[in-house]
Amino acid sequence: LVQNVIKSIREIRSQYNISPKVRLKASANAPETKAAILNENVGLVCRLAGLDEFVAGAGVEKPKNAAGAIVDEMQVYLHDAIDPAAERKRIEKQKQQIENGLKGIQAKLGNENFISRAKPEVVDQARAKLAELSEQMAAIEKHLSELED
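Once a new chain begins, its residue numbering starts again from 1 and follows that chain's sequence as written. Since the coordinates come from a predicted model, pLDDT governs what is reported: local features require at least 70, and pairs of side-chain atoms require 80 or more to be given and counted, while whole-chain, interface and lining totals use all residues. With hydrogens and water stripped out, all remaining heavy atoms of the structure feed into the side-chain values.

Asker: Mind showing me how you'd approach the environment of Val71 here?
Answerer: Secondary structure elements are taken from DSSP: a helix is a run of H or I of four residues or more, a strand is a run of E of two residues or more, and numbering for both begins at the N terminus. Structurally, the position occupied by Val71 is in strand E3 (residues 67–71). With a 1.4 Å probe rolled over the protein chains alone, any residue whose accessible area is under 20% of its type maximum counts as buried; one over 50% counts as exposed, and the rest are partly exposed. Residue class for Val71 comes out buried when judged on its relative accessible area of 8%. It is 21 Å that separates the C-alpha atoms of Val71 and Arg88, two residues lying 17 residues apart in sequence. Residue contacts follow a heavy-atom distance rule, with two residues in contact if any of their heavy atoms lie within 4.5 Å. Each residue touching Val71, except ones within four places of it in the same chain, is listed here: Asn4, Val5, Ser8 and Val76.

Next up, the structure:
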């Protein structure tokens, strides 16, 4: 769990070209059990992710201009990491890719020949992918609405 959070913070730094030398703050919105584990290991997270401060909790809100990543069932935020205009453009592009994926899977599942002729495992995989993409779309919509604030 701790490794995954550190890895996601490092990936955010890499994605936004933030030097490891720049000390930032980070937080995580996590279920109580996972938050407790992370808070017990704050020193390790800060040292290995190049942070000044890290806090995890069940009600942690996403700060303005924070970059986020989803790790297991948690949201990890790296504070003051993004330019809102550039982030909006990046998220819009990601949204378009997910919409295209959703259209393809919805067309497959809407085709009676596919449902009746495909193996049940393949149909189940398509339904699972549809659910996964729908969740991702909801997360992207939420990010976009947060950027508008």
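Asker: Any chance you could explain the pattern of salt bridges here in plain terms?
Answerer: Where charged atoms from two side chains of opposite charge come close, those side chains can pair. Here, a salt bridge means any side-chain nitrogen of Lys or Arg that lies within 4 Å of a carboxyl oxygen of Asp or Glu. For the structure on display, the rule yields six salt bridges. For Lys34, the salt bridge goes to Asp72, with nearest N and O atoms at 4.0 Å. Residue Lys34 is located in helix H2 (residues 32–40), and its partner Asp72 is located in the loop between E3 and strand E4 (74–78); the two are separated by 38 residues in the primary sequence. With relative accessibility at 18%, the residue Lys34 sits in the buried group. Classification of Asp72 as partly exposed rests on a relative accessible area of 48%. Glu141 is the partner of Lys95 in a salt bridge, and the nearest nitrogen-oxygen pair spans 3.1 Å. With Lys95 in helix H4 (residues 84–110) and Glu141 in helix H6 (residues 120–148), this residue pair connects regions lying 46 residues apart in the sequence. A relative accessible area of 36% means that Glu141 is categorised as partly exposed. A single network of salt bridges, built from pairs that share partners, joins Lys34, Asp72 and Glu73.

That is the geometry; function is a separate question.
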